[in-house]
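Residue-level listing of the chains:
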Amino acid sequence: MARQTHDAEFTEFVASRSGWLRKVAYLLCGDWHRADDLVQETTTRLYVNWARAGRVENLDGYARRVLVNVFLGEQRTSWWRRTVRREAEPETAAASIDLDASLDLRQALAALPPRQRATVVLRYYCDLTVDQAAETLGCSPGNVKSQSSRGLETLRTMLVARPAVAERTP
């Protein structure tokens with residue numbers, strides 16, 4: 001009976017958070033298919049450690065940390081370097097969004113080094129504090145501040161260097 005409760009709790013959590021995890025994974029890696037793989041690996045690790053996860057105070061934070069660790073761990077493997085696609089078709093978004101600006105931001109975000117990208121996503125998309133991001137990344141708050149600063153400066157530089165939308169349209 002305890003196993004059924006364990007599985008039901010896990011299934012409920014994953015069903016309610018999988019969309020959010022997928023969005024965070026996409027912002028980390030810039031590819032929807034790879035984001036799906038990251039979420040699958042994350043949910044597998046969560047299931048294996050669900051007893052431990054059930055004891056944490058912030059289950060969303062725990063899941064986010066697992067996701068970031070999976071992403072950063074993947075960056076260190078040679079398999080990822082050999083299989084990454086450089087020229088993927090951009091994903092489409094709702095018509096009410098400025099697609100050009102959104103795509104520019106996604107391209108600039110994808111150009112950041114993995115730790116800077118993870119820091120920027122955690123701080124400004126997930127809206128974590130410096131201390132929360134440091135805990136998720138397993139580093140010091142000073143490291144989060146410097147990675148955020150460098151990442152934002154790089155994003156500003158890349159986005160300012162791009163031609164304006166009006167200049168790009170024929």
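First, a word on what this report is: a plain description of the structure on this page. None of these values were measured; they are calculated from a predicted model. (Residues numbered from 1 in each chain as written. Predicted model: local features only at pLDDT ≥ 70, side-chain atom pairs only at ≥ 80, totals over all residues. Heavy atoms only, no water.)

**A few points about the nonpolar core**
Next, step 1: With 41 residues, the main nonpolar core has L28 and L137 as its most contacted residues.
Next, step 2: For this core, the secondary structure elements donating two or more residues are α1 (2–29), α2 (32–48), α3 (50–53), α4 (59–75), α6 (99–111), α7 (114–125), α8 (130–137) and α9 (141–161).
Next, step 3: No other element matches α1, which puts ten residues into this core.
Next, step 4: Contact partners of L137, with chain neighbours within four places excluded, come to V68, L72, R115, A118, T119, L122 and V144. (Core = buried A, V, L, I, M, F, W, Y, C linked by side-chain atoms within 4.5 Å. Buried < 20%, exposed > 50% of the residue type's maximum accessible area, 1.4 Å probe, protein only. Helix = DSSP H or I, 4+ residues; strand = E, 2+ residues; numbered from the N terminus. Contact = heavy atoms within 4.5 Å.)

**Let's talk about unusual backbone geometry**
Next, step 1: The residue D127 is not glycine, and still its phi comes out positive at about 60°.
Next, step 2: Look at D127 and you get exposed, because its relative accessible area is 64%.

**Focus on the packing of aromatic side chains**
Next, step 1: Counted under the stated rule, the structure contains four aromatic pairs.
Next, step 2: Here the aromatic cluster, defined as three or more aromatic residues joined through ring pairs, consists of F10, F13, Y47 and W50.
Next, step 3: The ring of Y124 has R123 sitting right over it, with the charged end atom 5.3 Å from the ring centre. (Phe/Tyr/Trp six-rings, centres within 6.5 Å; stacked < 30°, edge-to-face > 60°. Lys NZ or Arg CZ within 6 Å of the ring centre and 35° of its normal.)

**Quick look at the packing of α7 against α9**
Next, step 1: It is at 8 Å that the axes of α7 and α9 come closest, and there the two elements cross at 95°. As summarised for this structure, α7 and α9 are arranged roughly perpendicular, according to the angle between their axes. Where α7 approaches α9, its residues R115, Q116, T119, V120, R123 and Y124 are matched on the opposing element by V144, Q147, S148, R150, G151, L152, T154 and L155.
Next, step 2: Broken down by class, the residue content of the contact of α7 with α9 amounts to five nonpolar, six polar and three charged. (Axes fitted to C-alpha atoms, helices over the stretch in contact; angles between N-to-C directions. Parallel < 35°, antiparallel > 145°, perpendicular 65-115°, else oblique. Nonpolar A, V, L, I, M, F, W, Y, C, P; charged D, E, K, R; others polar.)

**Structural notes on the pattern of salt bridges**
Here the idea is simple: oppositely charged side chains can pair when their charged atoms come close.
Next, step 1: The tally for this structure, following the rule as stated, stands at five salt bridges.
Next, step 2: Ionic pairing is found between R34 and E74, a salt bridge with its closest N-O pair at 2.6 Å. Here R34 is found in helix α2, whereas its partner E74 is found in helix α4, with 40 residues between them in sequence.
Next, step 3: Taking relative accessible area as the criterion, R34 reaches 12% and is therefore assigned buried.
Next, step 4: For R45, the salt bridge identified is with E41, shortest N-O distance 2.8 Å. Within this pair, R45 and its partner E41 are both found in helix α2, separated by four residues, close to a single helical turn. (Salt bridge = Lys/Arg side-chain N within 4 Å of Asp/Glu carboxyl O.)

**Concerning the packing of α8 against α9**
Next, step 1: At a minimum axis separation of 8 Å, α8 and α9 run at an interaxial angle of 100°. Classified by the angle their axes make, α8 and α9 are roughly perpendicular. Residue-level inspection shows V130, D131, A133, A134 and L137 of α8 in contact with α9, the latter providing P141, V144 and K145.
Next, step 2: Tallied by class, the residues present in the contact of α8 with α9 amount to six nonpolar, no polar and two charged.

**Considerations on the environment of L59**
Next, step 1: Note on placement: L59 falls in helix α4.
Next, step 2: Classification of L59 by relative accessible area gives partly exposed; the value is 21%.
Next, step 3: Separated by 46 residues in sequence, L59 and F13 place their C-alpha atoms 9.0 Å apart.
Next, step 4: With sequence-adjacent residues up to four places away left out, L59 is seen in contact with F13, W50 and A53.

**Remarks on the side chain of E74**
Next, step 1: Judged by its relative accessible area of 16%, E74 falls in the buried class.
Next, step 2: Side chain to side chain, E74 and R34 meet in a polar contact 2.6 Å long. (Polar contact = N/O pair within 3.5 Å; in protein donor to acceptor, adjacent residues only side chain to side chain.)

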